[in-house]
Amino acid sequence: MIILSIETSCDETAVAIVKFNRGKVEVLSNIISSQANMHSKFGGVVPSLASRMHLKNMAPVLKRALRQAEKNCRRDADLSHLPRTRDKSRFYERIDYIAVTNGPGLIPALMIGVQTAKTLSYTLKKPLVGVHHIEGHIYANWLRSIYLNSKSNSLAGGQNYKLWKPKFPILCLTVSGGHTQIVLMKKDLNYRIIGETVDDAVGEAFDKVAKILGLDYPGGPLIEKMAKKGNKDKFKFTRPMINSKDHNFSFSGLKTAVLYNWKLENKKEKCRIGEKILKQVQNDRLQYKADIAASFQQAVIDVLISKTIKVAKQYKVKNVILGGGVSANKELQKQLRKTINKKIPNTEYQILNTKLSTDNALMIAIAGYYRIKNNKGIGDWKSVKADANLRLKLF
Ligand code: KG4
Ligand code: ZN
């Protein structure tokens, strides 16, 4: 079965073409065109600009994905019987299903991907599957766990993988720019949200703190880099809701605490410039930023880990996984693994390939495959609608 998948929920225009064959996965192509540089000047994603960029990028990304997949398929005995012509677009004939992120996300951005998928589904008469964005982030783990044993870390296309056969229940901590959720899965496609943020998402908090410190968008990777040089105990930021009875999160207060600290530091610095040479002040400022980054990151990690461990114990889960852009954070991965080994040693922790942490269409193809396999939510071109507030369903 070959799935063509599309992802445009935020600022990445992504198309993947993936072949599934009895538990084996061949990534025929996996193209991501990021708009991060464009949004960087505005300090965050501008929805109308994202929409325009998706419109501009969709056809070239689709074309590249098809070309690459066609090239990779030439070596494939299973597909060689299909007619090969000079017209590369004939590769469309080999696609069995179209999968697309239909929410949640920015509606002007989602609509471009959904409309493209609907058009492909209608013209090619292929079934269409709408995939929840977080479902994609979760199912990215199903591919990743296999090539832990492999030397290849690339997901550029043309590689073979297998699908993970996990033991349930699984707990997934999904941490992205738009979401922070603890999701419990008792079986495939069965999602129960145990806790979620009541205000900002973790990635959003990383991006806002980065903006305060004068760093570019997306700020998460830059904060992580800066934190390496900082002292995580320098500033004692509160750990919001760490002891709350529910399993929810809150991150907006933490961002405000950083802002106040920053304003105070700026006042102090103005007084010091007269006393010290400028170079010394600049060095002090760099160290201050690194300390803020490290202290903020540690406060976030403490809350995320504490809540995850609590829920994992309560529901006696067999596996803990991470998903979403913030899961690329090596410090979070490292500390989570260490705490799981110490506090719940019978639970396994699966490491997600960093290349699959942030938005991509490959994860949508994998989640789409499970939808198709379990016959959930497959329809014709009319069956899928973009929904900015789509909720994870308990199938
Ligand atoms: O999943 P994603 O690509 O898009 C959404 O679904 O929102 O996540 C993007 C978010 C951004 O907020 C970005 O700053 C954050 O993930 N992020 C990180 C790291 N890499 C990306 N946050 C912390 N540490 C990182 N290494
Ligand atoms: Zn995402």
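Relevant structure appears above.
Residues numbered from 1 in each chain as written. Chains lettered and ligands numbered in written order. Predicted model: local features only at pLDDT ≥ 70, side-chain atom pairs only at ≥ 80, totals over all residues. Heavy atoms only, no water.

Residue-level account of the pattern of salt bridges, with values.
Using the criterion set out here, one finds eight salt bridges in the structure. When the shortest N-O distance is used, the salt bridge between E196 and R391 registers 3.2 Å. You can see E196 sitting in strand β9 (residues 191–196) and its partner R391 sitting in the segment after β12 (378–379), a full 195 residues away along the chain. Its relative accessible area of 23% is what places E196 among the partly exposed residues. Here K334 makes a salt bridge to E331, at a shortest N to O gap of 3.6 Å. One end of the pair, K334, and the other, E331, are both in helix α9 (residues 330–343), three residues apart, so they sit about a helical turn from each other. What makes K334 partly exposed here is its relative accessible area of 46%. Salt bridges sharing common partners tie together D200, E204, K208 and K255. (Salt bridge = Lys/Arg side-chain N within 4 Å of Asp/Glu carboxyl O. Helix = DSSP H or I, 4+ residues; strand = E, 2+ residues; numbered from the N terminus. Buried < 20%, exposed > 50% of the residue type's maximum accessible area, 1.4 Å probe, protein only.)

Can you break down the site of ligand 1 residue by residue, with the values?
Taken together, 20 residues lie near ligand 1, and H137, G177, D207, E224 and G325 sit nearest. The contact in question runs from an oxygen atom of ligand 1 to an N or O atom on the backbone of G325, over 3.0 Å. Elements represented by at least two residues in the shell around ligand 1 include exactly α4 (133–144), α5 (202–212) and α6 (219–227). Top element by residues in the shell around ligand 1 is α6. It accounts for four residues. Of the residues that constitute the shell around ligand 1, the class distribution is five nonpolar, twelve polar and three charged. (Near = heavy atom within 4 Å. Polar contact = N/O pair within 3.5 Å; in protein donor to acceptor, adjacent residues only side chain to side chain. Nonpolar A, V, L, I, M, F, W, Y, C, P; charged D, E, K, R; others polar.)

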